[in-house]
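As a plain string of letters, each chain reads:
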Amino acid sequence: MCTTCGCGHGQVTINGRAARPTRSDAAPRAGYRAVAPLDAVHAPGLDAERTLRIEQNILADNDARAARIRAQLKTQGIFALNLVSSPGSGKTSLLVETLRRWAGRAPAAVIEGDQQTANDAERIRATGVPAVQINTGKGCHLDARMVAQALGQLQEEGALLDRSLLLIENVGNLVCPAAFDLGEAHKVAILSVTEGEDKPLKYPDMFRAADLMILSKTDLLPYLDFDAEAAIAMARQVRPGLPVIRLSTRDDAGWAQWLDWLGAGLARAGA
Amino acid sequence: MHELMLAESVVRLVEDTARQAGAKRVTRVRLALGALAHVDPDALLYCCELVARDGVAAGAVYEVDRPAAEAWCANCLRIVVPAAAGASCPDCGGFELDIRAGEEMRVIDIAVA
């Protein structure tokens, strides 16, 4: 396991071949062996052991917290989005520009997730919109418990208003945040044109979890070899029918579509 | 890193169940991790062993079942088995797949002494 972020390496391949025998297909090691299918017959009672059924989702605790957040947001008619991407795709710049262009439509609040620093929350607050910074330390994703605490903070500040927009910027990471429900209405994946167009195929879990993809930094397209149509096609391979909005914080293209999408979502929130 | 958090959930479920049953020791933990589940089983088990080391489930044997992926292919109009997340239909090569199974992450049961 990677000692920096803890990422697993059990399915690592080099040139398509297993980098090393994984524990699941190597000879059984202490503490771990592969087993027969789920319906395999057990033979309990042969010794003093008892089998206790659990049958619970590993993410049940997070999912229950997320469900409570979703219920609270629905009561208040708040439209919440979980923005996910690689580091450096321009999430915070997109948020700042979105808040600037959204101003006057409805109240908004932002939850910022980063391992360290309050820089992003400060950038948001400079727009006049309230923001809470979650620092995850070594953590690579936000979870529902953190978001519940951040919502409590916003509430304390009187910043969680009825019929408002709540934008949650997740930690820049295309892997781990895919698994964690934060109680949002939608995950929005941001792919910048300075990245590889095959990112959706390289990180399918995230793009499959998204309900909208924003292709960002499109003003740079003339200077790059990035094939936007190919990127969108690959995103739709992992998530058939995924809606896509192309925009840049440097020009007006795509903004009407994005603001309308937010407005329509807010109109539905709480219904 | 998200495997560590998942491991904490696994061990919490296991220890709570064992405590409620008055068990002294957990000898085996059986998990279902779907073929498309967003987790690395190897890393998860490594983390489980670490998280559990001072508790009632220390030293337990982990068994992992990998329920197969199932997806509805809108082209073939039937259930197919995609090779991975983002893989095409093995029959028609299309990508109009609606994943129906294989994403689960569950603790099935434990054996206690």
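A brief report on the enclosed structure follows. In this text the structure is predicted, and so the values were computed from the model without any measurement.

Examining the packing of helix H2 (residues 91-102) of chain A against helix H8 (residues 255-268) of chain A
Residue and element names in this part refer to chain A. Look at H2 against H8: their axes get within 11 Å of each other, and the N-to-C directions meet at 75 degrees. Between H2 and H8, the interaxial angle falls into the category roughly perpendicular. Facing Leu94, Glu97, Thr98, Arg101 and Trp102 of H2, the residues of H8 in contact are Trp255, Trp258, Leu259, Leu262, Gly263 and Leu266. In the contact of H2 with H8, the residues fall into seven nonpolar, two polar and two charged.

Quick word on helix H1 (residues 2-20) of chain B
Between its first and last C-alpha, H1 of chain B extends 27 Å over 19 residues, near the 27 Å set by a 1.5 Å rise per residue. Burial in H1 of chain B covers these residues: His2, Glu3, Leu6, Ala7, Ser9, Val10, Val11, Leu13, Val14, Glu15, Thr17 and Ala18 of chain B. Of the surrounding elements, those touching the buried residues of H1 of chain B are strand S4 (50-57) of chain A together with strand S1 (26-33), helix H2 (41-51), strand S2 (61-65) and strand S6 (105-112) of chain B. With its phi angle positive at about 70 degrees, Gly22 of chain B sits one or two positions after the end of H1 of chain B.

Here's the deal with the nonpolar core
Val26, Val29, Leu31, Leu44, Val107 and Ile110 of chain B are the most contacted members of the largest nonpolar core, which totals 33 residues. Counting only elements with at least two residues in this core, the list comes to S4 of chain A together with H1, S1, H2, S2 and S6 of chain B. The leading source of residues in this core is H1 of chain B, at seven residues. Listed in part, the 28 residues of the second largest apolar core include Ala131, Leu165, Leu167 and Trp258 of chain A.

Side note on a nonpolar patch on the surface
A surface patch of nonpolar side chains, about 220 Å² in accessible area, is lined by Tyr46, Leu50 and Val51 of chain B. In this structure, Val51 of chain B sits in helix H2.

Some points on the sheet that holds strand S3 (residues 70-73) of chain B
Residues and elements named next belong to chain B. Taken together, three strands build an open sheet; the order of strands is S4-S3-S5 and the sheet is antiparallel. Among the strands making up the open sheet, the edge pair consists of strand S4 (78-80) and strand S5 (97-101). Between one strand and the next, the sheet's axes are offset by a mean angle of 35 degrees, whatever the strand orientation. Sheet topology places S3 next to S4; three bridges connect them, and they run antiparallel. Counted as the bridge partner of Trp72 is Ile79 from S4.

What to know about the interface of chain B and chain A
Counting residues at the interface gives 52 residues for chain B, matched by 49 residues for chain A. A buried area of about 4,600 Å², summed over both sides, lies between chain B and chain A, and 57% of it is on carbon and sulfur atoms. Counting the contacts that link chain B with chain A gives four salt bridges. For Glu55 of chain A, the salt bridge goes to Arg106 of chain B, with nearest N and O atoms at 2.1 Å. On the surface where chain B and chain A come into contact, there are 14 residue pairs in polar contact (both at pLDDT 80 or more). Breaking the side of chain B that touches chain A down by element, the ones donating at least two residues are H1, S1, H2, S2, S5 and S6 of chain B. Examining the composition of the side of chain B that touches chain A, we find that ten residues originate from one element, H1 of chain B, more than from any other. Across six bridges, S4 of chain A lies against S6 of chain B in antiparallel orientation. Note on S6 of chain B: the bridge partner recorded for Gln56 of chain A is Val107 of chain B.

With respect to the packing of H1 of chain B against H2 of chain B
All names here are of chain B. Where H1 contacts H2, the two axes come as close as 8 Å, and the packing angle between them is 55 degrees. Looking at the two axes, H1 sits oblique to H2. Considering the relative orientation of H1 and H2, their crossing is right-handed. Facing H1, whose interface residues are Glu3, Leu4, Leu6, Ala7, Glu8, Val10 and Val11, H2 presents Ala43, Leu44, Cys47, Cys48 and Val51.

A closer look at the environment of Gln116 of chain A
Residue position: Gln116 of chain A is located in the loop between strand S6 (108-114) and helix H3 (119-125). Placed 22 residues apart in sequence, Gln116 of chain A and Lys138 of chain A show a C-alpha to C-alpha distance of 8.5 Å.

Points about the pairing of strand S9 (residues 186-192) of chain A
Look at any regular strand and the pattern is simple: side chains alternate between the two faces of the sheet. Residues and elements named next belong to chain A. The buried count for S9 comes to seven of seven residues, which makes it a mostly enclosed element. Residues His186, Val188, Ile190 and Ser192 line one face of S9 and the alternating positions Lys187, Ala189 and Leu191 line the opposite face, and both faces are buried. One ladder, built from five bridges, connects strand S5 (residues 79-85) with S9; its direction is parallel. If you follow Ser85 over to S9, its bridge partner there is Ile190. Pairing between S9 and strand S10 (residues 212-216): five bridges, direction parallel. If you follow Ser192 over to S10, its bridge partner there is Ser216.

The rules behind each value
- Residues numbered from 1 in each chain as written.
- Chains lettered and ligands numbered in written order.
- Predicted model: local features only at pLDDT ≥ 70, side-chain atom pairs only at ≥ 80, totals over all residues.
- Heavy atoms only, no water.
- Axes fitted to C-alpha atoms, helices over the stretch in contact; angles between N-to-C directions.
- Helix = DSSP H or I, 4+ residues; strand = E, 2+ residues; numbered from the N terminus.
- Parallel < 35°, antiparallel > 145°, perpendicular 65-115°, else oblique.
- Contact = heavy atoms within 4.5 Å.
- Nonpolar A, V, L, I, M, F, W, Y, C, P; charged D, E, K, R; others polar.
- Expected span 1.5 Å × (residues − 1).
- Buried < 20%, exposed > 50% of the residue type's maximum accessible area, 1.4 Å probe, protein only.
- Core = buried A, V, L, I, M, F, W, Y, C linked by side-chain atoms within 4.5 Å.
- Patch = residues over 30% accessible without salt bridge, like charges linked within 9 Å, V, L, I, M, F, W, Y side chains within 5 Å.
- Areas by Shrake-Rupley, 256 points an atom, 1.4 Å probe, with all protein chains shown as cover.
- Salt bridge = Lys/Arg side-chain N within 4 Å of Asp/Glu carboxyl O.
- Pairing = 2+ DSSP bridges.
- Buried area = accessible area lost by both parts, 1.4 Å probe.
- Polar contact = N/O pair within 3.5 Å; in protein donor to acceptor, adjacent residues only side chain to side chain.
- Left-handed = near helix turned anticlockwise from the far one by under 90°.

Purely geometric numbers; function is a separate question.
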